[in-house]
Structures are given as structure tokens and as C-alpha cells.
Amino acid sequence: MNFLTPLAAWFAATIPVVVLFYLLKRRRVVLKVPSTVLWQKYLAETQASAPFQKLRKNWLLFLQILLLALAVFGLTRPFFAGQQTPSSLRVLILDASASMQSSDVAPSRFEAARSEALRWVDGLKPGQSMVVLQAGPRTEVRQSATSDRQALRRALQAAAVTDGPARAGEALKMAESLIRDVSDAEIHLFSDGAISGLETFENHNLPLVFHRVGERLNNVAITSLDVRTNPENPNQRAVFASVANLTAAPVATTVELGFAGDTLDVRPVTIPAGETESLVFLVSQQADGEFTVRHTTADDLSVDNQSSVMSLLPRPVKVLLVSRGNRFLEKAIRSVGAVDLSTVGEAPLDTAAWDVVVLDDVAPTVWPRGNVLAVRVAEPDWFEATGAVRAPPVVDWKSTHPLLRFVNLDNVQVAEASGVKTPRWGTVLVESPQTPLVVAGEVGRQRVVWIGFDLLASNWPLRVSFPMFVANAIEWLNPATTSAERRNVRAGEPIRLDVPEGTTAVDVRPPGEGWRSIPVNQGSTELVFGGTDRQGSYGVRWGTNETAVVVRALDVQESNSTPRKEIQMGRYGGTVATTMRSANLEIWRWFAGVALAVLLFEWWFYHRRTA
Amino acid sequence: MSESLLSAKLLRQLDQLELRAGRRSKSSGRGERRSKARGHSVEFADHRSYVAGDDVRRLDWNLYGRLDRLFIKLYEEERELPVQIFLDASESMTFGTPTKFDFARRLAAAVGYVALCGFDRVTVRLFPELNPGSAGERGENAGGVLGEAAYRSALRGVQGKKLATGFIQNLGRVRAGGVGDFNESLRLCALQTRQAGLAIVFSDLLDPKGYAAGLDALLARGFHVHVVQVMAREELEPVSFGDLRLVDSETGGEQEVTFGRFRVKAYRQVVENYTQKLREFCRARGIGFFRVTSDTMLESVLLKDLRECALLA
């Protein structure tokens, strides 16, 4: 059993008052009379001598019937369908995610949500205020708390839908902090319910009203797109694409692959309802550029009908192996393919010419600034050493990490390892009970893979997993990989690009707009540009260099934009917001109050009669 | 005190009245009431045959002339009418404005005066009997009790208009108080009375044990009974409301009542029912009944109401 208003238990404090009434002695006036004979007859006649009597007009009876009727009526819990009592502060959260572009409600869900929000603004009464938040990939405060309707209207009009996901948890947390000190505040979420980030948001009695927009789901979406080197033919590129049919019927569509404006391939596909079709296009690529995949089916949500991916041509990775002689490691590196390997006994002072430096138990005089695979050596401030560990058993490894893809470390034995504490900058990939054995991470902007034991004092080089790990490591450490990743960002996430030292400003051209100059922080060699709300190709240029970054809207949750009746919150699902636009105004409290008043009146009336 | 009980004007008016006896007197004392006995009044009653030894002065010579037979003329004997006035002097009679007892004894004085004027023998019996203990409790001296006893005994067997003044004075001196048992008192009085006659009961008839046994005892003794119920105005229409603890003035019994103005009507109905039952009881037994409240004008009761109910004529 639960209580809606446990605080009402305080009304139990009225029970002693009733007891007090009964403790009060009725003060009777002593009156000497000639004889009580007549009074006894009077009492005998007025008391019930028969089980029934003729119903007489008695105001007490009417009062008691009224009291009972009120109590019964109150117990039926009557309510009016209406809006809740106007709260002094409302936080309007407008979902500006990609799914709100769906046109199942004309002109779009976003516009429908905006008009409903505007209606709430129009209903603003004096003394009430509103806050407008836009929940896209980032939560933006469009208007802080104000009673000015014009300002609120302007803020809502200025809100624009994005191609990114809605981080609703972030928006709700912000709204929660805004209403923290206001007891009768409300949060109104105007959304289709296709939102993310609520898994970790526990609803602690948040006064949330969910205004649902959207009616149906009719969407065919490109849900993933990736470009790799064709494993069977290194001269070819393989474009992987997934097309999901999120409608209730099979869809026959055509998927087109384009590169730099040219159509390379067209494929008809038929996708059953609710299924996802994976396609692989094998094409040759001559220059860095953008692959675009689109399907031709008209649906309600057009933003996910096409997607692009920036593909950079693979270049041989330059690797410097600094080793006193480790044929296993050398052969493993050479087997990676597309590797330009140089082997030296001592590290040169300047290693800027190499993409990856492998330090095999040789401490360099000057630590390289590039990415490093270090075996048993480490820059002094990387680790806090705890001493050597003898024969550490391998107990666990992080198989989900890209470095350990297809790597199985069963039967790997190590004679001795350097004992260190897990650093903050890194992730432990392989661990023993006493110490981490392999750590990977980024120190500053330098990627580091650290192996804490002598490879030749272990049997790992003899295992199949070793060359695979080295291949994964070289790919992960290859700056081109990082660069390619940085050329493809999700809508709403910032574009981060390395720029030469001394660059003060970078020009960025969002799709369909002109060049904009973005300042680079002094002393920084990285451009950070956050205005990636729309998908497409963002031009970036500094000096004479010009490149492009592809912003992609790929998000299964946004594509699967079924209007949801309930928003699941938290891990346990116990806190569910409702679609109630209006609350049932229960009025039983009023009836209970009136019944109480009638009771008191009856008490007074009875005593007045007998007084 | 006589002045306070009955005014001279009222006495003059009462001179015009006489008590109506319901039946012929059975008294043995000579008086002015017709009786079944044959005697020496001037009222002819009957003839009977002469027998040796009869007074020859009563021979009807005219009849002898016509019939040639000797007859003796018989005349009615006029006897006195014993009037017994039963006056309730219990504590309950001390209520009302004026008190019920006061009003009742003025009525009794008036009726007694009328009877004395009619040469009837009047006895006023106050009940309950005087209780020296209760008098002592009230802080009165023994002389007061003795005086009260003397006044009460002086009210017994009064006859003749000459004694009327003393009779009224004595009646004005008696006091009410004590716990009365209506039935027992009337029963004892009936037993003590030598000759039955007219019995007039002045009481509120609010005894917890009822009134039937006492009145029946009087009837059984051969009295012609009249009952005058004297009530106080507040008994008919109470003026005290709220949560009351009523204390019976005689028994001391308590009764808790919650009473309000809205219930006055119901109470009045109860009183009416009580009186109606009493009236029916009396009618069934040939008892004259009359109810009066203590605040009524005495003259109107005597000259109008009691004449209407055939006590006075």
C-alpha cells in the first residue's frame, strides 16, 4: 500500500481533539423540581418505545444526511478533468532532437510541440514565470525564468530542431536544479518520447508533465555507415551500410552510394518490416573524400534517409622500433602490412618523422611526442612503481577494447612484471592480481600502449594472440586512424581538429552556410567547434589547408521515433512519467472539508437546541 | 392571615354559594342536609300506619277523615354533611408562584367557608402527617411543631359559620413540607373518618406511586370525591433548558435531562396525556375532577370553574 499524501497523517493530530471533546464533562445544571414524575414520563415517551416511528421533520436528520452524503460523495473521489493548479514556475523543455523532424504531424513534430508550448505561454498568468529549455544534443537555456510572454514567445520561436539526439537526462537535471527551491513548480516536456540519457536519471518525484507529440512511426533509416579497407583486396574500399525498415510493412527501396557527388552504385533492396538490411559496397578510392549513402523511399523522417562518411586514403604507417633485438616483435610489426618499419638500437633524439615509436625495453633520452608502444619502459610520471612482481598470472583482459579485438590471452605466462598502480590516464587491458600488465590510454594528446613485462621473459610472443595484438596496437596508435575518426563526428558532438601551433583562428563552413571564423585558444593546437547541430559536410580551413569534417545524424534511437506513451526513467523503471496533459483535479478534499464543517455545525446546532 | 387567604369581598360572594352534595347525607349529626333518615324537619316524607305508642301529635287527621284509618305523617330528618378536605402539604406543593400549597389552601378555605356557611361539619386533613423530626431538621423549635400540630387539629370537625374566621386563620397558619405518600395518606384518612361524606382532594397528584389506590380507598369508604389538581405554571411550561440534573423535591431522586425549547411542545403533550388519564380515571369512578394552576385568579376558579364542575352551586 502506498500513500499519495503521507503528510496528511498529520491530521491524526486532530484525534486527541475529539477525545478532548469527550473528556469535557457536560456541565449539568442542578434544578430542584416538585416531582420528576412528569419528566420520567417525558423521557419514556420521547425515547424509542417502538422500533419505528413516523419520520418527523428534524433539522438534525437533514444535517446528518447531508454529512453522510458529503462523505460518500467524497469517497467516490470525484474529479474534474482540468489543469492542475497553476504553478508559479514552469520549465518548458522542448525536444529538439532529430526525431522531432518527423512530419507525421504537419508540418513537423517540432512545430506541433512548439505551438503547444506557445499555448502554455499564452496561458501564463500574472505572478507565474516560465523557463524555456531546448533539449538537443546539448541542453540550452533559451529563456531564463521570466513572466514576460513576449520574451518567452521569442525564445520558443528562436528554438531550432537539430539532427542530433536529445539528451533528455541532462535537460531534466537542469530543470530539476531550476525548480529546486520552488515547491509548486512543474516541468513540461514537449517531446515524442524518443529520447536518450534517461537510463541514469532517477526520477525523485519530479513534477513532470509529458506532452506527447507525434502519431505514428513511418521511417526507413540508414542506421550505420562505415568505410574500411577491403580485407580481401587492399586496393579496394569496403563501404558498410545498414538500412533499417521501421515501418509496419515490407519496404522495397533503392540504396545509392555516391562519392564526391558521383553516384558509384545503386542497389535495390527489399527490407521486411522491422528488419535491418546490411549492404557492402566494394569500390576503389583515388583520393580522400566523402562517401554518401541514401535511400529513395519517402518517409516521415528525412534526416536519416542519407548519411555520409569521410574516408581518408590509407597510407603506410611509419613505425620506429627501438630494440636491442626482438625478432618476435619485429616480425609481428612487419606482418601488419602497410607498415614502413625502421629498427634502431637506441632512440634518436627527434622521432617526429615516425607515426609510431615502439620502445622495447630501451629508455630514450628524449621521450617521443608521438604515439608510443612502450615495453617495460615508461616516462617517470606515467606510473607509480610498486616494485617487481614475480610470475603474475593473467586473470582478466578487456576483450571489448579495440586493442584486444580477437586477442585471447589464455595460457600466456609471464616471468616477471613491473609492479605499478593503475594510472588515471589509462585503461587496464590485461591485469594480474598484483599489477596491471597492459595499459592503454592518452597522456595529453599522445596515445600510449604500455606493456609491463619483458616480452622475451614470457610465452606471449609464441601465442597467436601476440601478432594480432601488435596489429591492433599499430592501428590504434596510427595517427591516421585518429584523424579519420575525428573527421566523422555525430551531430551535436564537437569537431576537434589538430591545427599547427600559432594558429589563432580557423574558418568553418557549416552545410548551407558561409565561412565563419572560429578563434583558437592561445597556446592550443586544437580547434573545437560545437555548432554541429545539422548533419552534412563542414568545411574547415586554416592558412592554405582546407579539409572537411562529416557530421552524421546516425542514431538508432532517433530513427526509431515511435511516439511513446511513457518515458521510462531510471534503471528500475519504477518512475514513469505519464502522457497526462491535464491532471484530474480531485475534489474529495473539498467534500471532506465541507463534511467536517457540517459536522461541526451539527454539533453546534444540537447544543443550541438543547441550550 | 384570614385577610391574606380570602378577602372580605370574596367571603361575601361565597356567602351566596353552597356545596352541592352528590347524594343524601348519611351523617348521624343533625344538620341542614336532607338525608334518608326520618325525623322532625318540616319536609313531609311519607305516611305509615299508626301503631300503639306513636306520638298522637303526628296523626294525619285529614286522612283519618277520608279513609277512617289512622296514619302517622313522617318527615325527613335533616342531617349535617361531613366535608373532608384533603390538602396535600407535601414538599412538592411548595413550588410555583404563588406556591401550589398556598393556592390550594385558599381554595380549601373558600370551600370550607362555603361548607361552614351551609352548617356542614368541615374537617381539613393535611397530609403527610406532621413529622417532628423533619421539623427539627429544618431548625424549627419544638414549639413551632407543637403550634403546627395545634393548628392542624383545630381544623378538624369545625361546624358553624361562627367558627369560620378561626378556621380560615388556622388554615393560614399551617405549613407544607415533608415527604408525602398520597395513597397511604388518603387510605389512612379514609379509615380514620367516622362518617363518610363529601371529600375534596387538593393535590398536585404527582406522587411517584400514583393516585389510584388513595382515591379508590376514599370511594370504598363511601365518600363522594372531588379532586382538584393544583399545578404550578412551570410544571406545565418549563423555563429551564439545557443539560439539567433534576432533583425530586421529595424523594431526592435525580433525573438527567437534556431539554431545549424545541422539546417544550413534546413535554406539554406529556403533561396533557397525564392529566387526561387522570381525568378519565376520575370520570370512570364518578369523581369530580378539575385542574387548576396556582397562578389562576382565585375568584374565577371559585365562582366559575368550581360551579361548572358541580362542586359549588
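Residues numbered from 1 in each chain as written. Chains lettered and ligands numbered in written order. Predicted model: local features only at pLDDT ≥ 70, side-chain atom pairs only at ≥ 80, totals over all residues.

**Student:** Can you walk me through the packing of helix α4 (residues 109–122) of chain A against helix α5 (residues 149–158) of chain A in this structure?
**Tutor:** Packed helices, taken two at a time, are described by the angle their axes make and the gap between the axes. All names here are of chain A. Axis separation between α4 and α5 bottoms out at 10 Å; the angle between their running directions is 175°. For the element pair α4 / α5, the angle class is roughly antiparallel. Contacts between α4 and α5 pair R114, A117, L118 and V121 from the former with R149, L152, R153 and L156 from the latter. (Axes fitted to C-alpha atoms, helices over the stretch in contact; angles between N-to-C directions. Helix = DSSP H or I, 4+ residues; strand = E, 2+ residues; numbered from the N terminus. Parallel < 35°, antiparallel > 145°, perpendicular 65-115°, else oblique. Contact = placed C-beta atoms within 7 Å.)

**Student:** What should I look at first to understand the sheet that holds strand β23 (residues 436–443) of chain A in this one?
**Tutor:** Strand pairing in a sheet takes place through backbone hydrogen bonds and is either antiparallel or parallel in direction. All names here are of chain A. Read from one edge to the other, the open sheet built from 8 strands follows the order β16-β15-β17-β18-β24-β23-β22-β20, with strand pairing classed as mixed. Since the sheet does not close on itself, it has two edges, and those belong to β16 (339–344) and β20 (396–397), each with one partner. As paired strands, strand β15 (residues 317–323) and strand β17 (residues 356–360) are joined by 5 bridges and run parallel to one another. Counted as the bridge partner of L320 is V357 from β17. (Pairing = 2+ DSSP bridges.)

**Student:** Help me out: how do you make sense of the nonpolar core in this one?
**Tutor:** If you look at the biggest cluster of nonpolar residues, it comprises 79 residues, and the most contacted ones within it are I85, F86, A108 and F202 of chain B. In contact with F86 of chain B, not counting residues within four places along its chain, are R125, F127, L186, C189, A199, I200, V201 and F202 of chain B. (Core = buried A, V, L, I, M, F, W, Y, C linked by C-beta atoms within 7 Å. Buried ≥ 20, exposed ≤ 12 C-beta atoms within 10 Å, placed from the backbone.)

**Student:** Whenever I open this one, unusual backbone geometry confuses me. Can you help?
**Tutor:** Working note: non-glycine residues mostly have negative phi, and peptide bonds are mostly trans. Across the junction of A106 of chain A and P107 of chain A, the peptide omega takes the value -10°, indicating a cis bond. Positionally, P107 of chain A belongs in the loop between β3 (89–95) and α4. You will see that F119 of chain B, though not glycine, has its phi angle at about 60°, which is positive. Residue position: F119 of chain B is located in the loop between α4 (100–117) and β4 (121–127). Residue classification places F119 of chain B among the partly exposed positions, given that 16 C-beta atoms sit within 10 Å. Of note in the backbone geometry, L205 of chain B takes a positive phi value of approximately 50° without being a glycine.

**Student:** Honestly, the environment of L124 of chain A in this entry has me stumped. Any pointers?
**Tutor:** All names here are of chain A. Tracing the sequence through the fold places L124 in the loop between α4 and β4 (129–135). Accessibility expressed as a C-beta count within 10 Å gives 17 for L124, which makes it partly exposed. L124 has contacts with M130, S147 and R149, leaving out every residue within four places of it along the chain.

**Student:** Which parts of the structure should I look at to understand the pairing of strand β10 (residues 251–259) of chain A?
**Tutor:** One face of the sheet, then the other: side chains in a regular strand alternate in exactly this way. Residue and element names in this part refer to chain A. A one-sided burial pattern is seen for β10, the buried positions being V251, T253, V255, L257 and F259 and the unburied ones A252, T254, E256 and G258. Bridge count for β10 against strand β11 (residues 262–271) is 9 bridges, and the pairing is antiparallel. If you follow T253 over to β11, its bridge partner there is V269. Remark: 2 residues form the turn of the hairpin made by β10 and β11, two consecutive strands paired antiparallel; A260 in that turn has positive phi of roughly 50°. Examined bridge by bridge, β10 and strand β13 (residues 289–295) share 5 bridges and lie antiparallel to one another. Residue pairing in the sheet places E256 in a bridge with R294 of β13.

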